[in-house]
Amino acid sequence: MNRVTIRILRSLFPKWIWFNDHSEGVTVTFDDGPHPDATPIVLEILKKHQVQAVFFCVGKSVEKYPALFQQIVREGHLVGNHTYHHENGWLTDAQTYLASVDRCASVFESRLFRPPYGKLPGFTTQKILSRGYKIVLWSWFSYDFHPKMTLKKLNKRIQNISGGDILVFHDNAKTAGKIGDYLELTLSNLVLRKIPTQPLNTT
Ligand SMILES: [Zn+2]
């Protein structure tokens with residue numbers, strides 16, 4: 001999504017969080033974990049760069065890999081609800097979708113929610129907000145899972161990152177073989193350009 005698209009979406013969904021407002025720093029987030037091949041690499045690189053990230057975890061994967069989830073929390077990162085089954089909000093009826101959000105919440109607690117695929121109908125949005133969640137989207141998308149993504153293409157994309165952006169990567173089966181290189185490239189570039197990273201402002 002480019003900035004104009006995000007500005008339009010933002011006016012349509014004012015209660016969704018797209019940016020870290022009034023901030024010089026960028027926030028790094030990961031979706032779809034924990035994953036045994038991807039998450040340990042991600043955690044190692046975050047530790048090396050001393051970055052606190054947000055992991056939007058899928059409930060069933062947290063149940064499957066509880067030790068990895070504990071490691072995420074122990075190493076100081078925030079976690080957020082990404083549903084239990086990773087449903088597409090536009091293709092799933094509200095009742096089923098909300099049951100998946102609640103089931104994920106029964107596995108671990110968080111006030112943060114990110115809809116899989118960024119897709120959430122208005123009615124479901126209201127229901128999730130009324131449960132007390134902050135809905136966090138992103139302003140910069142890595143396309144790290146895309147089969148055609150390369151280090152060269154990513155290097156071009158990361159030049160567009162600026163203060164206040166919320167970045168999204170994925171720790172899942174599709175990215176396991178490359179997320180280490182992508183994340184290292186991105187975080188090194190931020191250091192080079194003197195753009196700090198910062199935890200998500202959740203107030
Ligand atoms: Zn996802």
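In this report, the structure presented in the accompanying data block is examined. Source: prediction; values computed, not measured.

Thresholds, definitions, all that
- Residues numbered from 1 in each chain as written.
- Predicted model: local features only at pLDDT ≥ 70, side-chain atom pairs only at ≥ 80, totals over all residues.
- Heavy atoms only, no water.
- Helix = DSSP H or I, 4+ residues; strand = E, 2+ residues; numbered from the N terminus.
- Buried < 20%, exposed > 50% of the residue type's maximum accessible area, 1.4 Å probe, protein only.
- Donors = N, O, S within 2.8 Å, 3.2 Å for Na, K, Ca; no water.
- Core = buried A, V, L, I, M, F, W, Y, C linked by side-chain atoms within 4.5 Å.
- Axes fitted to C-alpha atoms, helices over the stretch in contact; angles between N-to-C directions.
- Parallel < 35°, antiparallel > 145°, perpendicular 65-115°, else oblique.
- Left-handed = near helix turned anticlockwise from the far one by under 90°.
- Contact = heavy atoms within 4.5 Å.
- Nonpolar A, V, L, I, M, F, W, Y, C, P; charged D, E, K, R; others polar.
- Arc of directions from axis to C-beta.
- Pairing = 2+ DSSP bridges.
- Right-handed = clockwise from strand over helix to strand, strands pointing away.

### Observations regarding unusual backbone geometry
Going from Gly-33 to Pro-34, the amide bond is cis rather than trans, its omega being -5°. By the element assignment, Pro-34 lies in the loop between β2 (27-31) and α2 (39-49). Despite not being glycine, Gln-50 shows a phi value in the positive range, around 55°. Of note, Gln-50 is situated in the loop between α2 and β3 (54-57). Residue class for Gln-50 comes out exposed when judged on its relative accessible area of 73%. Positive phi outside glycine occurs at Lys-194, with the angle close to 55°.

### As for the coordination of the zinc ion
Distances from the zinc ion to its protein donors, Asp-32 (OD), His-82 (NE2) and His-86 (NE2), fall within 2.0 to 2.1 Å. Counting residues between consecutive donors of the zinc ion along the chain gives the motif D-x49-H-x3-H. Residue Asp-32 is located in the loop between β2 and α2, and its partner His-86 is located in the loop between β4 (78-81) and α5 (94-107); the two are separated by 54 residues in the primary sequence.

### So, the nonpolar core
Membership of the largest hydrophobic core comes to 33 residues, with the highest contact counts inside it found for Val-28, Phe-30, Leu-46, Phe-55 and Leu-183. At the level of elements, β2, α2, β3, α4 (66-74), β8 (166-170) and α8 (179-192) are the ones that each hand at least two residues to this core. In terms of residue count, the dominant contributor to this core is α8 (five residues). Ranked by size, the runner-up nonpolar core spans 22 residues in total, among them Phe-19, Leu-120, Tyr-133 and Leu-137.

### Some words on the packing of α2 against α8
Contact geometry of α2 with α8 gives a least axis separation of 9 Å together with a crossing angle of 15°. Classified by the angle their axes make, α2 and α8 are roughly parallel. Judged by the twist between their axes, the crossing of α2 over α8 is right-handed. Residue-level inspection shows Ile-41, Val-42, Ile-45, Leu-46, Lys-48 and His-49 of α2 in contact with α8, the latter providing Ile-179, Gly-180, Leu-183, Glu-184, Leu-187, Ser-188 and Val-191. For the contact of α2 with α8, the residue count by class is eight nonpolar, three polar and two charged.

### Section: α4
When α4 is considered as a whole, its buried residues turn out to be Leu-68, Phe-69 and Ile-72. Projected down its long axis, α4 carries its buried residues within an arc of 100°, all on one side. In α4, those exposed residues whose orientation departs by more than 90 degrees from the buried face are Ala-67 and Arg-74. In this fold, the buried residues of α4 make contact with α2, β3, α3 (59-64) and β4.

### Structural notes on the environment of Ile-128
Relative to the elements of secondary structure, Ile-128 occurs in helix α6 (residues 122-130). Owing to a relative accessible area of 0%, Ile-128 belongs among the buried residues under this scheme. For Ile-128 and Arg-114, which are 14 residues apart along the polypeptide, the C-alpha to C-alpha distance reads 10 Å.

### Structural notes on the side chain of Thr-83
With respect to the secondary-structure elements, Thr-83 resides in the loop between β4 and α5. Looking at Thr-83, the relative accessible area reads 0%, which means it is buried. Residues within four places of Thr-83 in sequence aside, it is in contact with Cys-57, Val-58, Gly-59, Tyr-97, Ser-100, Val-101, Cys-104, Phe-113 and Pro-116.

### Looking at the pairing of β3
Side chains on a regular strand alternate between the two faces of the sheet. Residues Val-54 and Phe-56 line one face of β3 and the alternating positions Phe-55 and Cys-57 line the opposite face, and both faces are buried. As judged from the three bridges shared by β2 and β3, these two strands associate in the parallel manner. Note on β3: the bridge partner recorded for Thr-29 is Val-54. One crossover worth recording links β2 to the parallel β3 by way of α2, and it is right-handed. In this sheet, β4 lies alongside β3 in parallel orientation, the contact comprising four bridges. Residue Phe-56 lies in a different strand from β4, and its bridge partner there is Gly-80.

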